[in-house]
Amino acid sequence: MTSSRTEPLPRVQKDGLAAGADGDRERSPERRGRRRHRWDARWSPYAFIAPFFVFFAAFGLFPLLYTGWASLHRVSLHDPSHMEWVGMRNFSRLLEDDFFWNALQNTFTIGVLSTVPQLLMALGLAHLLNYKLRGSTFFRVAMLTPYATSVAAATLVFTMLYGRDYGMINWGLGLVGIDHIDWENGTWTSQLAVSSIVIWRWTGYNALIYLAAMQAVPDDLYESAALDGANRWQQFLHVTIPSLRPTILFTVVASTIGATQLFGEPLLFGGSQTGGGSHQYQTLGLYLYEQGWFDFQLGRASAIAWTMFLILIVVGLLNWLIAKRLNKTH
């Protein structure tokens, strides 16, 4: 009797296990689908941005680190695989090199001569385009034409304009009784000429940046200023300029970075890596080019490149400090 009562139990357990196994088989595709969905939601963003980091590591980070390593060695362009450790000697030699300080001073001077007029003109043009003008779309497109022009084409045209004997600028000066100016061989004249190329190419680009920022200023501010009796000039000074402070700071930093890396304009203006017979407009970029590809000293050129990189870091830190202070005041 006891055995007959206990016999059905194993069959019930087996049937239950079989039913559970069938349920697991039915739920396993759904479970795998949910797991794949979680993995897709978690890892897909990283897969999408991975190509950028791969290319940045290959063409940005690795050259930067390799240049830093080469700056600590004596390396010749004739045998770049042979490196002789010199430590900080390449950097200390820069501090003793008059040509380096001359290039640094020229870079600063050309940067000021090109950045200040450029941003002031861009701000004024953006203010004019901010009002409803007939054909404003045409003028906005025309602003980008110099930026779309290649550096080589623009510089060659300006080189002809600044020609000593047959240049159009000297011809115009002659009409008002001013003698011909040797633009290329003078210190200030050559730097003004190079700066004018930079101004022509980048003024429209910065004007469109300012224009976009101006259009984001609420109209209520202008209406309140008008009700208080402010004219357009007062509205520009007391409403537009304070609202554009972050944008102006950005363009100043971007223009400073561009001036520090200036290379194509001075190289093509005189056609020489020395920046004139007396190095009167040789920038840091030209000095790097001369050391690496004409004097064959890749170690020194790498030290110049890292010095430029450190200057840009200082500029970035100043930008951060000024922006932080502006945020506190507002």
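Note that this is a predicted model, so its numbers are computed, not measured.

Chemist: I'm lost on the nonpolar core in this one. Help?
Modeler: Soluble globular proteins tend to pack their nonpolar side chains together in the buried interior. Within the largest apolar cluster, 13 residues are counted, with the highest numbers of intra-cluster contacts made by Leu123, Ala126, Tyr210, Met214 and Leu244. Where this core is concerned, the elements lending two or more residues are α4 (98-129) and α9 (187-215). Discounting residues that sit within four places of it in the chain, Tyr210 has contacts with Leu119, Ala122, Leu123, Ala126, Leu244, Thr247, Ile248 and Thr251. Formed by twelve residues, the second largest nonpolar core is a distinct cluster that contains Phe91, Leu94, Tyr287 and Ile304.

Chemist: Where do I start with unusual backbone geometry in this structure?
Modeler: Negative phi characterises most residues that are not glycine, and trans characterises most peptide bonds. The phi angle at His279 is positive, at roughly 55°, despite the residue not being glycine. Inspection of the secondary structure puts His279 in the loop between α13 (264-270) and α14 (284-293). For His279, a relative accessible area of 14% corresponds to the buried category. Of note in this structure, Phe296 is not a glycine but carries a positive phi near 65°. Secondary-structure assignment places Phe296 in the loop between α14 and α15 (298-329).

Chemist: Explanation requested: the environment of Asn231 in the structure shown.
Modeler: Among the secondary structure elements, Asn231 is positioned in the loop between α10 (219-227) and α11 (232-243). Taking the relative accessible area as the measure of exposure, Asn231 reaches 43% and is therefore partly exposed. It is 56 Å that separates the C-alpha atoms of Asn231 and Gly292, two residues lying 61 residues apart in sequence. There is a polar contact of 2.8 Å between the side chain of Asn231 and the backbone nitrogen of Gln234.

Chemist: Help me understand the layout of surface pockets in this model?
Modeler: Using a probe with the size of a water molecule, rolled over the atoms, empty space left in the structure can be pinpointed. Considering only enclosed or pocket space, the largest pocket measures out at about 420 Å³ in volume. At the level of secondary structure, the elements contributing two or more residues to the lining of the largest pocket comprise α4, α12 (245-260) and α15. With seven residues, α4 is the single largest residue contributor to the lining of the largest pocket. Along the lines of polarity and charge, the residues of the lining of the largest pocket split into 14 nonpolar, six polar and no charged. The computed volume of the second largest pocket comes to approximately 230 Å³. Every residue lining the second largest pocket is counted, 15 residues in all, and those nearest its centre are Gln118, Trp202, Ala254, Ser255 and Gly258. The set of elements that each furnish at least two residues to the lining of the second largest pocket consists of α4, α9 and α12.

Chemist: I tried to follow the side chain of Thr240 on my own but got confused; where do I start?
Modeler: Within the element layout of this structure, Thr240 appears in helix α11. Judged by relative accessible area, Thr240 falls into the buried class, the value being 0%. Among residues more than four places away in sequence, those in contact with Thr240 are Met214, Tyr222 and Gln235.

Chemist: Mind showing me how you'd approach the pattern of salt bridges here?
Modeler: A side chain with one charge can pair with a side chain of the opposite charge if their charged atoms come near. In total, this model carries three salt bridges according to the counting rule given. In this structure, Glu84 engages Arg74 in a salt bridge whose closest nitrogen and oxygen atoms are separated by 3.1 Å. Taken together, the positions of Glu84 in strand β2 (residues 79-85) and Arg74 in strand β1 (residues 73-76) put the pair ten residues apart, joining distant regions of the chain. Classification of Glu84 as partly exposed rests on a relative accessible area of 40%. Here Arg201 and Glu265 are joined by a salt bridge, their closest N and O atoms 3.6 Å apart. Linking Arg201 in helix α9 with Glu265 in helix α13, this pair joins segments that are 64 residues apart in sequence. For Glu265, a relative accessible area of 5% translates into the label buried.

Cut-offs applied
- Residues numbered from 1 in each chain as written.
- Predicted model: local features only at pLDDT ≥ 70, side-chain atom pairs only at ≥ 80, totals over all residues.
- Heavy atoms only, no water.
- Core = buried A, V, L, I, M, F, W, Y, C linked by side-chain atoms within 4.5 Å.
- Buried < 20%, exposed > 50% of the residue type's maximum accessible area, 1.4 Å probe, protein only.
- Helix = DSSP H or I, 4+ residues; strand = E, 2+ residues; numbered from the N terminus.
- Contact = heavy atoms within 4.5 Å.
- Polar contact = N/O pair within 3.5 Å; in protein donor to acceptor, adjacent residues only side chain to side chain.
- 1 Å grid on protein atoms, 1.4 Å probe; cavity = no way out; pocket = protein on both sides within 12 Å on 5 of 7 lines; lining within 4 Å.
- Points joined across faces, edges and corners; volume = space filled by probe spheres on them.
- Nonpolar A, V, L, I, M, F, W, Y, C, P; charged D, E, K, R; others polar.
- Salt bridge = Lys/Arg side-chain N within 4 Å of Asp/Glu carboxyl O.

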